[in-house]
Amino acid sequence: MAEPTPEEISRFVERFAGVLASSGVPTMSARVMGAMLVSPTGTMTAAELAEALQISQPAVSGAVRQLLQVSFISRERLPGSRKDHYRIREDVFAAILERRNLALGEWESTSRSGAALFGEDSPVGRRLTEAADFFAFIHTDMEQLIKNWRAEHPR
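Residues numbered from 1 in each chain as written. Predicted model: local features only at pLDDT ≥ 70, side-chain atom pairs only at ≥ 80, totals over all residues. Heavy atoms only, no water.

Broken down by element type, the chain carries 6 helices and 3 strands. Secondary structure elements in the chain, listed N-terminal to C-terminal, are α-α-β-α-α-β-β-α-α. Relative to the 2.2 N^0.38 estimate, which gives 15 Å for 155 residues, the radius of gyration of the chain is 20 Å and therefore markedly larger than a compact globule would have. The principal-axis extent of the C-alpha atoms belonging to the chain is close to 65 × 35 × 35 Å. Counted over contacts in the chain with a minimum sequence separation of 6, partners at least 24 positions apart contribute 50%. Of the roughly 10100 Å² of accessible surface on the chain, a fraction of 57% belongs to carbon and sulfur atoms. Computed over 18 positive and 20 negative side-chain charges, the separation of the two mean positions in the chain equals 6 Å. (Helix = DSSP H or I, 4+ residues; strand = E, 2+ residues; numbered from the N terminus. Rg over C-alpha atoms; globule rule 2.2 N^0.38 Å. Contact = heavy atoms within 4.5 Å. Areas by Shrake-Rupley, 256 points an atom, 1.4 Å probe, with all protein chains shown as cover. Lys, Arg positive; Asp, Glu negative; His and termini not counted. Charge placed at Lys NZ, Arg CZ, Asp CG, Glu CD.)

Before going further, it helps to spend a moment on the side chain of N101. As for its position among the elements, N101 is in helix 5 (residues 92–118). Since its relative accessible area comes to 5%, N101 is described here as buried. With near-sequence residues (within four places) excluded, N101 lies in contact with I138, H139, M142 and E143. (Buried < 20%, exposed > 50% of the residue type's maximum accessible area, 1.4 Å probe, protein only.)

A few words on the environment of P6. Examined against the element boundaries, P6 turns out to sit in helix 1 (residues 6–22). With relative accessibility at 62%, the residue P6 sits in the exposed group. Through-space distance from the C-alpha of P6 to that of A52 is 9.3 Å; in sequence the pair is 46 residues apart.

Taken together, the side chains of I9, F12, L37, V38 and F93 make up a nonpolar region of the molecular surface, amounting to roughly 360 Å² of accessible area. By the secondary structure assignment, F12 is in helix 1. (Patch = residues over 30% accessible without salt bridge, like charges linked within 9 Å, V, L, I, M, F, W, Y side chains within 5 Å. Salt bridge = Lys/Arg side-chain N within 4 Å of Asp/Glu carboxyl O.)

Side chains that are three or four residues apart share a direction in an α-helix, a result of its 3.6 residues per turn. Along helix 3 (residues 46–53), the residues that are buried comprise L49, A50 and L53. Along the long axis of helix 3, the arc covered by the buried residues comes to 100°, so they all point the same way. The secondary structure elements touched by the buried residues of helix 3 are helix 1, helix 2 (27–37), strand 1 (43–45) and helix 4 (57–69). Taken from the residues just after helix 3, Q54 is the one with a positive phi, measuring 55°. (Arc of directions from axis to C-beta.)

Any link to function would need more than the numbers given here.
Here you go:
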């Protein structure tokens, strides 16, 4: 199979970033993740990211900072280099879903506290209880799915 052209790679990265952005990942961070995902070495410097994505260094810096904060990428120094290299986490997609699953747990507890506030037999309380039950159901299944994935795909 022929190597993809730079234009094909760029279109893929932008399409991939669009999918991530539509699900809540900040656009610039999604673009950085896309570029890093297709990097042959799995690492890129800020300058390489800026060049590949045709964006400014400050835009890269903000995206990298956000991705480091949520542990989707790591910063490292390669032997002989004075530049920071960023590496996308091997299990980044499981990590993303883990973070989303933590949010589901918070949504559940908040919905349950709202149901108690309004009274579980009131129309609002019933809606909030149903929401909490749904979040609990998804949370439990997602937790098991992530465990199964990690068992089948150890690092």
